[in-house]
Amino acid sequence: MKMLGIKFKYLFVAGLAILLSACGSTPQPTVTLNTNLFAKDGLKVGIAYAPPKGKATTHIYGANCLLCYRVASALTSSLDTHLEANIMTDELTKIKNIVLAEYSQRSKNVELVSLPTSIDKLKKFKGELGFAKKDFRVLKEKLGIDLLVVLDVYNHGAYRSFSNYIPNGDPQGYIAGSLYSVDLDTNAYVQYLRIDEKVQPSGDWDEPSTFPSVTTSYYQAIENGKQKIKDAI
Amino acid sequence: MRFLFIIFAITLVGCGSTPYRDDYTKHVNIIREGYLDETDFKFNFVENPNVDLRGLYSQNDTANASPIMYQGVGGVAGLLVQIGTHSSLIQSQRNSKLAKDQEHANNQILPLIDITTEVPLRDLIGEHSSQIVSLENVGTDTVNIKPIFFSNSDMTELSVKSIVWLPLEERRNKRKQRFKYKNLIQVYSPKLKDLQSQQLTNGDSEFLLEVLSSLLKTTLYITKNELTGQFSKVRKTAQTFIVEENSSKKVIRGSIVANKCGYQIIQDIHSWFIAYPTPEIVASLNNDFVSLCHDKSIIN
């Protein structure tokens, strides 16, 4: 019985260590686009777009207890209703078109592709920094491309920072995601760009039901993101 | 539990409010069919008769996170007191951040502020001087205008934001509404060329006042057209416009209500009017239209 208890203790500590090592992993730094690759004759580039999973809403950070989070959600509920009803994904689609247009200036063989499976379901790839966390190499044959460019938008809408119950500032226009290119021979990043645009609304934010200041700052965040992508490609 | 949330929410709505800014207003328009007659248009600079010029800054008032541990003593009442104190602390940080940023931005354009501090707005309105009324003759049909000029730190972009309002003749009982009309009008100058910017840094007051005058006259043109009902019929779907402000690209969502004097006048989703030089003027090397535009034939 005692042995069983010790085993359980070790198992628990090992599990916790594994969990914490994942939390402590170094985030992928920016990789500037390696343009040498485009000198290769017949390089085929595929561009995939991963849209956000949810509708535009307010993303709350810093409300670190359950009650804090519920209070924070209550404070932004009417803004959420507005964002969900009025912010469509057409501006995000324009970002995808910008990626296509910019890469088309680099290579003649650029096309939009649909991934046969979601990125989450791809196998993990054990590589160092500079390599994709998922194994994209299996897509080389399936899609008939050499370089996969992924525009992945995680969140969009508004961002509000809290200290427990208290907001630190106004809700800001927000878009978060990443743009990365993977060499499908090596699974190495040819480009990695994190997109995290937050824009302060001009003036009073709390103007229901149309929230013009926050809405404008959302479109400002989108434009900032577009510019960042143009500059990076 | 739900009751507790309601109390929290009510308490925290106050905590989450944006710090007050005098260059901002919500749009109010209950004029309906009672627009002003063009020939009776008159205005006054009520709050400050002199030029108010300020440095432009980002206006991001988000304070750094300041997590605190709430004490368990005193029950719900004690918790609310602690939340109130925490909230006051953060609100004070936000106000202080804005004040510091404004002071810093003003210091960067001190040469321009020194020139303009004592200049009366009345000296900048040119042909509109017949429409201004003295303070003692201000009536309920007199348009009140409060212009605030801005310059970026490089002194290459000047703009004016004006709060424009018409008071409500009789304040109806128990109603908070004090205005028949209230709006914000913003006018940007074309970006100044190197030589022009040099003129400003060298203290060329004549050139500076010419630019400020042009901005103010365009504001008066928009005010008059809006309050005489000229823009009320123009309604289009919103689109995105990109303008340059403080060396970055600023988005305006709205629709064009007029193209005039080298400006596109946009009504944005706040219902504010924003006049920005047309793409042709932005690309042009010649900014002399600023002074050519405001002759009487165009204004009237």
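Above: the structure in question.
Below, the structure is looked at part by part. Per-chain numbering applies: the sequence of each chain, read as written, is numbered from 1 onward. Both sets of labels track the order of writing: A upward for chains, 1 upward for ligands. Totals for whole chains, interfaces and linings use every residue, but because this is a predicted model, local features are given only for residues with pLDDT of at least 70 and side-chain atom pairs only at 80 or more, for both listing and counting. Where side-chain values are given, they derive from all heavy atoms of the structure, hydrogens and water being excluded.

## A closer look at the overall build of chain B
The criterion, for reference: By definition, any uninterrupted DSSP run of H or I lasting at least four residues is a helix, any uninterrupted run of E lasting at least two residues is a strand, and each is numbered from the N terminus. Between buried and exposed lies partly exposed: a residue is buried under 20% and exposed over 50% of the maximum accessible area for its type, with that area taken using a 1.4 Å probe on protein chains only. Pairs of residues are marked as contacts when any of their non-hydrogen atoms sit within 4.5 Å. Here the Shrake-Rupley method, with its probe set to 1.4 Å, supplies the accessible areas, and only the displayed protein chains count as covering residues.
Regarding its fold elements, chain B presents 8 helices and 10 strands. Taken across its 300 residues, chain B has 50% of its residues classed as buried. Nonlocal contacts in chain B, meaning residues at least 24 apart in sequence, comprise 70% of its contacts between residues at least 6 apart. Carbon and sulfur atoms make up 52% of the accessible area of chain B, which totals about 15000 Å².

## Some points on the overall build of chain A
Threshold: In summary, the charge assignment counts Lys and Arg as positive and Asp and Glu as negative, without counting His or the chain termini. Where a charge lies is defined by one atom per residue type, namely NZ (Lys), CZ (Arg), CG (Asp) and CD (Glu).
Broken down by element type, chain A carries 6 helices and 7 strands. Taken along the three principal axes of its C-alpha coordinates, chain A extends 65 × 55 × 25 Å. Here chain A, with 233 residues, has 50% of them falling under the buried criterion. In chain A, 72% of the contacts between residues at least 6 apart in sequence involve partners at least 24 apart. As displayed, chain A offers around 11900 Å² of accessible surface, 56% of which is attributable to carbon and sulfur atoms. Positive and negative side-chain charges in chain A, numbering 27 and 23 respectively, have mean positions lying 11 Å apart.

## Thoughts on the state of the cysteines
Residue and element names in this part refer to chain A. As a reminder of what qualifies: Cysteine sulfur atoms that pair up within 2.5 Å are treated as a disulfide.
Applying the stated criterion across every chain yields a total of 1 disulfide over all chains. Bridging Cys65 to Cys68, the disulfide has an S-S length of 2.0 Å. The sign of the 85° torsion about the S-S bond sets the Cys65-Cys68 disulfide as right-handed. Exposure remark for Cys68: the relative accessible area of 1% places this residue in the buried category.

## Brief notes about the nonpolar core
For clarity, the threshold we go by: For the purposes of this section, nonpolar cores are sets of buried Ala, Val, Leu, Ile, Met, Phe, Trp, Tyr and Cys residues that join through side-chain atoms within 4.5 Å.
Residues Phe43, Val143, Phe149, Ile222 and Ile265 of chain B are the most contacted members of the largest nonpolar core, which totals 45 residues. Contributing elements (two or more residues each) for this core: α3 (110–116), β4 (143–151), β5 (158–167), β6 (179–188), α5 (205–227), β8 (248–260), β9 (263–268) and β10 (273–277) of chain B. Of all the elements, α5 of chain B adds the most residues to this core, at 10 residues. Apart from residues no more than four positions distant in its own chain, Val143 of chain B is found in contact with Leu36, Phe41, Lys42, Phe43, Asn44, Val164, Trp165, Leu166, Thr223 and Leu227 of chain B. Judged by nonpolar contacts, the second largest core, of 37 residues, contains Ile47, Leu79, Ile195 and Ala221 of chain A.

## What about the packing of helix α4 (residues 90–106) of chain A against helix α6 (residues 212–232) of chain A?
All names here are of chain A. To keep it simple, the criterion reads: The axes used here are C-alpha line fits, helices contributing only the stretch in contact, and every angle between their N-to-C directions lies in the interval 0 to 180 degrees. Angles are sorted into four bins: roughly parallel if under 35 degrees, roughly antiparallel if over 145, roughly perpendicular if 65 to 115, and oblique for all others. Under the grouping applied here, Gly and all other residues not named as nonpolar or charged are polar, the nonpolar ones being Ala, Val, Leu, Ile, Met, Phe, Trp, Tyr, Cys and Pro and the charged ones Asp, Glu, Lys and Arg.
Interaxial distance between α4 and α6 falls to 10 Å at its minimum, and their mutual angle equals 10°. Comparing their axes, α6 and α4 come out roughly parallel. Taken together, the residues of α6 that come into contact with α4 (itself represented by Glu91, Leu92, Lys94, Ile95, Ile98, Val99 and Glu102) are Tyr218, Tyr219, Ile222, Glu223, Lys226, Ile229 and Lys230. Considered class by class, the residues forming the contact of α4 with α6 number 8 nonpolar, no polar and 6 charged.

## Some thoughts on helix α2 (residues 75–108) of chain B
Using the following cut-off: Helices are assigned an expected span. That span is 1.5 Å times one less than the residue count.
With 34 residues, α2 of chain B extends 50 Å from end C-alpha to end C-alpha; this agrees with the ideal 50 Å at 1.5 Å per step. Taken together, the buried positions of α2 of chain B are Gly78, Gln82, Ile83, His86, Ser87, Ile90, Gln91, Arg94, Leu98, Gln102 and Ala105 of chain B.

## Regarding the environment of Val46 of chain B
Residue and element names in this part refer to chain B. Tracing the sequence through the fold places Val46 in the loop between β2 (43–44) and β3 (53–55). Take Val46: its relative accessible area is 31%, and that puts it in the partly exposed class. Along the sequence, Val46 and Leu135 sit 89 residues apart, while their C-alpha atoms lie 7.2 Å from each other. In this structure Val46 touches Asn144 and Ile145, once residues within four positions along its chain are discounted.

## Section: the packing of aromatic side chains
Describing an aromatic ring pair means giving the distance of the ring centres and the angle of the ring planes. Residues and elements named next belong to chain A. Put simply, the rule is: Two aromatic rings, drawn from Phe, Tyr or Trp (for Trp, its six-membered ring), form a pair once their centres lie within 6.5 Å of each other, and the interplanar angle then sorts them: stacked below 30 degrees, edge-to-face above 60, tilted otherwise. Any Lys NZ or Arg CZ that is within 6 Å of a ring centre and within 35 degrees of that ring's normal is treated as a charge sitting over the ring.
What the rule picks out here adds up to 15 aromatic pairs over all chains. Here the aromatic rings of Trp205 and Phe211 are separated by 6.1 Å at their centres, their planes lie at 15°, and the arrangement is stacked. The pair formed by Trp205 and Phe211 is uniform in burial state, with each residue classed as buried. In textbook terms, an aromatic cluster arises when at least three aromatic residues are bridged by ring pairs, as seen for Phe136, Tyr180, Tyr189 and Tyr192. The ring of Tyr159 carries Lys198 above its face, with NZ or CZ at 4.6 Å from the centroid.

## Focus: the pattern of salt bridges
The test is simple: A pair is scored as a salt bridge if a Lys or Arg side-chain nitrogen falls within 4 Å of a carboxyl oxygen belonging to Asp or Glu.
One pass over the structure, following the stated rule, counts 18 salt bridges over all chains. Asp204 of chain A serves as the salt-bridge partner of Lys26 of chain B, at 4.0 Å between the closest nitrogen and oxygen. In this pair, Lys26 of chain B sits in the loop between α1 (2–15) and β1 (28–29) while Asp204 of chain A sits in the loop between β7 (189–199) and α6, so the two residues belong to two different chains. With relative accessibility at 42%, the residue Lys26 of chain B sits in the partly exposed group. By relative accessible area, Asp204 of chain A is classed as partly exposed at 22%. Through salt bridges with shared partners, a single network forms among Glu91, Lys94, Glu223 and Lys226 of chain A.

## Comments concerning the side chain of Gln172 of chain A
This is how the line gets drawn: Residues adjacent in sequence count toward polar contacts only when both atoms are side-chain atoms; beyond that, a polar contact is any pair of N or O atoms within 3.5 Å, and within protein one must be able to donate a hydrogen and the other to accept it.
For Gln172 of chain A, the position within the fold is in strand β6 (residues 172–183). At a separation of 3.2 Å, a polar atom in the side chain of Gln172 of chain A contacts the side chain of Gln200 of chain A.

## Regarding unusual backbone geometry
Following Pro208 of chain A, the chain continues to Ser209 of chain A via a peptide bond in cis, the omega torsion being 10°. By secondary structure assignment, the location of Ser209 of chain A is in the loop between β7 and α6. Phi at Asn164 of chain A takes a positive value of approximately 55°, unusual for a residue other than glycine. Along the chain, Asn164 of chain A falls in the loop between β4 (147–163) and β5 (166–167). A positive phi is found at Ser271 of chain B, a non-glycine position, where the angle reads about 80°. With respect to the secondary-structure elements, Ser271 of chain B resides in the loop between β9 and β10.

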